[in-house]
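# Residue-level structural notes
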Amino acid sequence: MKKAMLMAVAILFSATGVFAAHNGKMLPDTTKNQKAKPVKVQYTCTMHPEVLSDKPGKCPKCGMTLVKKEPAKKKADSMKMKM
Ligand SMILES: [Zn+2]
């Protein structure tokens, strides 16, 4: 069953690629973003930042519900302020 799924994904992917190359040069990649989500989300405890999990759950130390940890992107801002 997994193989068929892979095939379907591969076909879908190449079809989208051809379509985009043919037709989507001037359009933003909104369709791409809706399909693929390669963003890695981690969950952490607000009280224990050292606790990290790649799926939602509870903190093993205090039992609090883990919250999503967003990747920080402050580097781009500091680059801008150079001048
Ligand atoms: Zn905790």
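Residues numbered from 1 in each chain as written. Predicted model: local features only at pLDDT ≥ 70, side-chain atom pairs only at ≥ 80, totals over all residues. Heavy atoms only, no water.

Here the focus is the overall build of the protein chain. Broken down by element type, the protein chain carries 3 helices and 3 strands. Burial analysis of the protein chain (83 residues in total) assigns 10% to the buried set. Taking the intrachain contacts of the protein chain between residues at least 6 apart in sequence as the baseline, contacts between residues at least 24 apart amount to 16%. Of the roughly 8200 Å² of accessible surface on the protein chain, 66% is carried by carbon and sulfur atoms. (Helix = DSSP H or I, 4+ residues; strand = E, 2+ residues; numbered from the N terminus. Buried < 20%, exposed > 50% of the residue type's maximum accessible area, 1.4 Å probe, protein only. Contact = heavy atoms within 4.5 Å. Areas by Shrake-Rupley, 256 points an atom, 1.4 Å probe, with all protein chains shown as cover.)

The next subject is the coordination of the zinc ion. For the zinc ion, the full set of protein donor atoms is C45 (SG), H48 (ND1), C59 (SG) and C62 (SG), at a range of 1.9 to 2.4 Å. Note that the zinc ion binds 4 donor atoms; their angles at the metal cover 103 to 117°, and the shape is tetrahedral. Of note, the donors binding the zinc ion are all from one chain and are spaced C-x2-H-x10-C-x2-C. Here the two residues C45 and H48 agree in accessibility, since each one is buried. (Donors = N, O, S within 2.8 Å, 3.2 Å for Na, K, Ca; no water. Tetrahedral: all angles 85-135°; square planar, octahedral: opposite > 155°, others 65-115°.)

The 3 strands lie next to each other as 2-1-3, forming an open sheet whose pairing is antiparallel. Each edge of the sheet is formed by a strand with only one pairing partner; in this case those strands are strand 2 (52–53) and strand 3 (67–69). Here strand 1 (residues 42–44) pairs with strand 3 via 3 bridges, running antiparallel. Along strand 3, the bridge assignment pairs Q42 with K69. (Pairing = 2+ DSSP bridges.)

Once that is clear, we can look at the pattern of salt bridges. Applying the stated rule across the entire model yields 1 salt bridge. Across the pair K61 and E50 runs a salt bridge whose closest N-O atoms are separated by 2.8 Å. Of the two residues, K61 sits in the loop between strand 2 and strand 3 while E50 sits in the loop between strand 1 and strand 2, which places them 11 residues apart along the sequence. Of the residues examined, E50 reaches a relative accessible area of 52% and is grouped as exposed. (Salt bridge = Lys/Arg side-chain N within 4 Å of Asp/Glu carboxyl O.)

In this section: the nonpolar core. Counting residues in hydrophobic clusters, the biggest one holds 5 residues: Y43, C45, V51, C59 and L66. Those residues in contact with C45, other than ones at most four positions away along the chain, are V51, C59, C62, M64 and L66. (Core = buried A, V, L, I, M, F, W, Y, C linked by side-chain atoms within 4.5 Å.)

Turning to the side chain of H48, a few remarks are in order. Inspection of the secondary structure assignment puts H48 in the loop between strand 1 and strand 2. Among all residues touching H48, those that are not within four sequence positions of it are C59, K61 and C62.

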